[in-house]
Amino acid sequence: MDKKNIFELWRENGEKISFIVILDSWNEAKHYAVVEKIEIKNWPFGNAFGQYFFYGKPCKRGLIKNSGTYRWKLKT
């Protein structure tokens, strides 16, 4: 699967909230983010908000950094 930004994944997922994404440099089994809110500024960019999980434990909640980079995929 090609990597996309979070906003493209949101659109392809029927614009449903919430969904789980991983960055291409993360270990899929241990690190992910749950996207809880999307704000589109100028398609296909904006702000994505949610909760980070590292080693399966909840971490920082808020703005998801690098959400506009083409390095994301849906967690399967």
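See the structure shown above.
Please read all numbers here as calculations on a predicted model, not as lab measurements.

Reading the values: rules and limits
- Residues numbered from 1 in each chain as written.
- Predicted model: local features only at pLDDT ≥ 70, side-chain atom pairs only at ≥ 80, totals over all residues.
- Heavy atoms only, no water.
- Phe/Tyr/Trp six-rings, centres within 6.5 Å; stacked < 30°, edge-to-face > 60°.
- Helix = DSSP H or I, 4+ residues; strand = E, 2+ residues; numbered from the N terminus.
- Pairing = 2+ DSSP bridges.
- Axes fitted to C-alpha atoms, helices over the stretch in contact; angles between N-to-C directions.

A. Quick peek at the packing of aromatic side chains. Considering all chains together, one arrives at six aromatic pairs under this definition. Taken together, a centroid distance of 5.5 Å and an interplanar angle of 90° make the contact between tryptophan 26 and tryptophan 72 edge-to-face. Of this pair, tryptophan 26 sits in the loop between β1 (19-23) and β2 (31-42) while tryptophan 72 is found in strand β5 (residues 72-74), placing the two residues 46 residues apart along the sequence. Through a chain of ring-to-ring contacts, three or more aromatic side chains come together here, namely Trp26, Tyr52, Phe54 and Trp72.

B. Quick peek at unusual backbone geometry. Note the cis peptide between isoleucine 17 and serine 18, where omega equals 5°. Following the sequence through the fold, serine 18 ends up in the loop between α1 (6-12) and β1. Residue proline 44 is reached from tryptophan 43 by a cis peptide bond, and omega for that bond is 5°. The topology assignment puts proline 44 in the loop between β2 and β3 (45-54). Of note, the phi angle at tyrosine 55 is positive, near 55°, even though the residue is not glycine. Relative to the assigned elements, tyrosine 55 resides in the loop between β3 and β4 (57-63).

C. Seen up close, the sheet that holds β3. Taken together, five strands build an open sheet; the order of strands is β4-β3-β2-β1-β5 and the sheet is antiparallel. Both edges of this open sheet fall to β4 and β5, since each of them pairs with a single strand only. The average angle at which neighbouring strand axes cross in this sheet is 35°, direction not considered. In the sheet, β1 pairs with β5 via three bridges, with the strands oriented antiparallel. Each residue of the ladder has a partner; that of valine 21, found in β5, is leucine 74.

Note that every value here comes from positions in space, so none of it alone points to a role or purpose.
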